[in-house]
Amino acid sequence: AVEHFDAQTDALSQANNRLASLNAISALIGTSLDLEHLTDEILAQVHKTIAFDSATLFLLKGDILEAAASRGFSEHQRGMNTYPRTKHNSAWQVVDDKLPLIINDVSKSELWESRPELSKVKAWLGVPLIYKDRVVGVLTLDKNEPNVFSDADARYVFTLAYQIAIAVENAQLFEEWEKQSTRLKLINEVAQEINTILDIEDLFDALARAIFERLKYDRV
């Protein structure tokens, strides 16, 4: 009876902790638009409720999965940096299926793409970040021992993934808006610089030089 009561208490405590993390991630949506800071904070919240040795938050950019933040990779700043699209990769399988994926033992999986920074990883959990029915990224959790992630873990992280996707999408939209705003400002400055030039050859030269210097193209 005591053991049963302790198990119920532990389960309730875990549920409360996971709810707190879910609320914390929801709060991040409205408080931070810095993508790098946001993704690192998200990983910190997830680590409070699920034990992992390393984790990476990937963003989907066309046919590339690119790491935006990671934890637990002491020798690699962002762990797994990029993964081109392939049918033989666990993270891309998550993107294609739009469902969580657990690999209990990576040494026995055809989907596991080994890399030096992942040499210690034995178990893996990946969940898609879905925004308006569109996958925008993948969150992966790693453990250095096999058979540790449960279906309950996958369901919980999948629940978090919706909030994470909203936060990431908001940050990306703001980042794109800032880039566009800066570009429009520079274009306006270029227009002002060449507005008074009447000689056609001087105009072309000034325009090319202004685009090269102000808009940072390699060749014009």
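Up top is the structure these notes are about.
Below is a summary of the structure that appears in this document. (Residues numbered from 1 in each chain as written. Predicted model: local features only at pLDDT ≥ 70, side-chain atom pairs only at ≥ 80, totals over all residues. Heavy atoms only, no water.)

## Remarks on the pattern of salt bridges
Okay, so step 1: Inspection of every chain in the model, using the stated rule, returns seven salt bridges.
Okay, so step 2: With a closest N to O distance of 3.0 Å, aspartate 96 and arginine 85 form a salt bridge. You can see aspartate 96 sitting in helix H3 (residues 90–97) and its partner arginine 85 sitting in the loop between strand E3 (82–84) and H3, a full eleven residues away along the chain.
Okay, so step 3: Via salt bridges that share partners, Asp53, Lys143 and Glu145 belong to a single interconnected network. (Salt bridge = Lys/Arg side-chain N within 4 Å of Asp/Glu carboxyl O. Helix = DSSP H or I, 4+ residues; strand = E, 2+ residues; numbered from the N terminus.)

## Quick look at the environment of arginine 155
Okay, so step 1: Relative to the helices and strands, arginine 155 is located in helix H4 (residues 151–194).
Okay, so step 2: Given a relative accessible area of 56%, arginine 155 falls into the exposed group.
Okay, so step 3: Sequence separation between arginine 155 and leucine 99 is 56 residues, and the spatial gap between their C-alpha atoms is 9.8 Å. (Buried < 20%, exposed > 50% of the residue type's maximum accessible area, 1.4 Å probe, protein only.)

## Quick look at the side chain of threonine 49
Okay, so step 1: Residue placement: threonine 49 occurs in the loop between helix H2 (35–47) and strand E1 (54–61).
Okay, so step 2: Polar contacts involving the side chain of threonine 49 include one to the side chain of tyrosine 156, which spans 2.9 Å. (Polar contact = N/O pair within 3.5 Å; in protein donor to acceptor, adjacent residues only side chain to side chain.)

## So, the packing of aromatic side chains
Okay, so step 1: Scanning the entire structure with this criterion turns up two aromatic pairs.
Okay, so step 2: Note on phenylalanine 58 and tyrosine 83: the rings are 6.1 Å apart at their centroids and 40° apart in plane angle, and the pair reads as tilted. Here the residue phenylalanine 58 occupies a position in strand E1, and tyrosine 83 occupies one in strand E3, the gap between them amounting to 25 residues. The two residues phenylalanine 58 and tyrosine 83 agree in class, both being buried.
Okay, so step 3: Ring centres 6.4 Å apart and planes at 65° place the aromatic pair tryptophan 112 and tryptophan 124 in the edge-to-face group. In this pair, tryptophan 112 sits in the loop between strand E4 (101–103) and strand E5 (123–131) while tryptophan 124 sits in strand E5, placing the two residues twelve residues apart along the sequence.
Okay, so step 4: On the accessibility criterion, tryptophan 112 (15% relative accessible area) is buried. (Phe/Tyr/Trp six-rings, centres within 6.5 Å; stacked < 30°, edge-to-face > 60°.)

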